[in-house]
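# Residue-level structural notes
Chain by chain, the residues run as shown.
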Amino acid sequence: MSTPKATSAVRSLAPYIPGKPLEELEREYGIADSIKLASNENPLGCGSRARAAMLQSIDGIGLYPDGSGFQLKHALARKHGCNAGCITLGNGSNDLLVLLAEAFLEPGAESVYSQYCFAIWPIAVQATGAVGKTAAAQEYGHDPAAMLALIGPQTRVVYIANPNNPTGTWLTGSDLERLIDGVPSRVLVVVDEAYIEYATEVSYQTAEQWLPRFPNLVVTRTFSKAYGLAGLRVGYALSTPEVADMLNRVRAPFNVNSVALAAAAAALEDEAHLRATAAMNTSGMHQVREGLAALGVLCQPSQGNFVLADVARPAGAVYENMLRQGVIVRPVGGYGLPRHLRITIGTKEQNARMLTALERALAAPLNR
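Description of the structure in this document. The structure presented is a predicted model; accordingly, all values stated were derived computationally and were not measured.

## Describing the packing of helix α11 (residues 271-294) against helix α13 (residues 348-363)
It is the contact of α11 with α13, at a shortest axis distance of 10 Å, that shows an interaxial angle of 15°. Relative to α13, the element α11 is oriented roughly parallel. Considering the relative orientation of α11 and α13, their crossing is right-handed. Facing α11, whose interface residues are Gly284, Gln287, Val288, Gly291 and Leu292, α13 presents Lys348, Asn351, Ala352, Met354, Leu355 and Leu358. Residues that form the contact of α11 with α13 fall into these classes: 6 nonpolar, 4 polar and 1 charged.

The following block contains the structure:
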């Protein structure tokens, strides 16, 4: 019996593999007190305002959500000083990256992105039948010159993650501006700023400031990281109204649920929670980097809430050893980094436990 065939582009895709859930680890290893530092989640969770808004929204759960996201869009418009028509809501920023590919790519078109970029972008590009062109990284980060050199007549979208996941690297404001300026106006430039709330380096600048100058620019953000709403899946894009109109043509009508809409709008007002999150990440980043250095583990400078650690051996074995100790981190061999682990910054206690587990894993004999 024959079965329907997916497109050749989809059949050849390697699916995205998310970080291992706590529940799965505890089932496999019988561990009751595991910790997860694998998916760059906020260890504080959501703030009190978002929690209260979620509880209040449950009374309306039997109704479809507001498909236009009116309340959240207008709250975001106030925050960013733009018209609500410039905002597109997504089921996480991941959803928006897929929508951008669906709206602006097709078979025969090309997209340019960097080596070690967020894995979802190459998947989204290939699923449309378009061709992805990868610019070699420079010190694990984006190389603007290499990216610009790959732009050709068929290029439709250039994708930049700043800060970048999984490397934590970033483009300085001047380098990012030059890169955007160097892209032809007929080509869409997508700058994903999922980790912007964690960036402390003075050279870092948001691309949002250049939206009025570059009509081909789109900036994506998320509530999954610093706002602590990863489980609700809500993100947004800032663009011209014309680009937003195209995204809304392919967007599912109720792609953000009512609880997420309420929580995100409340989270925007909770500046105290955002400050506490940033402060914890800054101190935790110092703790983890110092601890890794003491173990002789090199890690890249990072402007996110995670570090990329080179364990100088196949990372899979180190990862498995840490799992048995109840600590989940993220091996990134799928990104072409077989000796590296991506480690989320947690609480002080979680960071200490992770460092102890890593020390033990590194002391274990290598399997030859």
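## A word on the environment of threonine 134
Position of threonine 134 among the secondary structure elements: in strand β4 (residues 131-135). Measuring from C-alpha to C-alpha, the distance between threonine 134 and leucine 238 comes to 25 Å, with 104 residues separating the pair along the chain. In this structure threonine 134 touches Tyr113, Ser114, Gln115 and Leu150, once residues within four positions along its chain are discounted.

## Points about the environment of arginine 249
By the element assignment, arginine 249 lies in helix α9 (residues 241-250). Arginine 249 sits in the exposed class, given a relative accessible area of 60%. Along the backbone, arginine 249 and glutamine 287 are 38 residues apart, and their C-alpha atoms lie at a distance of 46 Å.

## A closer look at the pattern of salt bridges
Throughout the structure, instances matching the rule amount to 11 salt bridges. For arginine 156, the salt bridge identified is with glutamate 106, shortest N-O distance 2.7 Å. Of this pair, arginine 156 sits in strand β5 (residues 155-161) while glutamate 106 sits in the loop between α5 (92-104) and β3 (110-114), placing them 50 residues apart in sequence. For glutamate 106, a relative accessible area of 39% translates into the label partly exposed. Residue glutamate 177 is joined to arginine 213 by a salt bridge in which the shortest nitrogen-to-oxygen separation is 2.6 Å. Of this pair, glutamate 177 sits in helix α8 (residues 173-182) while arginine 213 sits in the loop between β6 (188-192) and β7 (217-222), placing them 36 residues apart in sequence. Given a relative accessible area of 44%, arginine 213 falls into the partly exposed group.

Thresholds applied
All residue numbers here refer to positions counted from 1 along the written sequence of the relevant chain. Only residues with pLDDT of at least 70 get local features here, since the model is predicted, and only at 80 or more are side-chain atom pairs given and counted; chain-wide, interface and lining totals rely on the full set of residues. To get the side-chain values, all heavy atoms of the structure are used, and hydrogens and water are removed first. Convention adopted: a line fitted to C-alpha atoms gives each axis, helices being fitted over their contacting stretch, and angles between N-to-C directions are expressed from 0 to 180 degrees. Secondary structure elements are defined from DSSP: runs of H or I of at least 4 residues count as helices, runs of E of at least 2 residues count as strands, and each element is numbered from the N terminus. Geometric relationships in this document are graded by angle, where less than 35 degrees denotes roughly parallel, more than 145 denotes roughly antiparallel, 65 to 115 denotes roughly perpendicular, and other angles denote oblique. Helix crossings are classified by the rotation of the near helix relative to the far one: an anticlockwise turn of less than a right angle makes the crossing left-handed, while a clockwise turn makes it right-handed. Note on definitions: a residue-residue contact is assigned when non-hydrogen atoms from the two residues lie within 4.5 Å. The classification used treats Ala, Val, Leu, Ile, Met, Phe, Trp, Tyr, Cys and Pro as nonpolar, Asp, Glu, Lys and Arg as charged, and all other residues, Gly among them, as polar. Buried means the residue's accessible area, taken with a 1.4 Å probe over protein chains only, is under 20% of the maximum for its type, while exposed means over 50%, and partly exposed covers the values in between. Salt bridge criterion: a side-chain nitrogen from Lys or Arg within 4 Å of a carboxyl oxygen from Asp or Glu.

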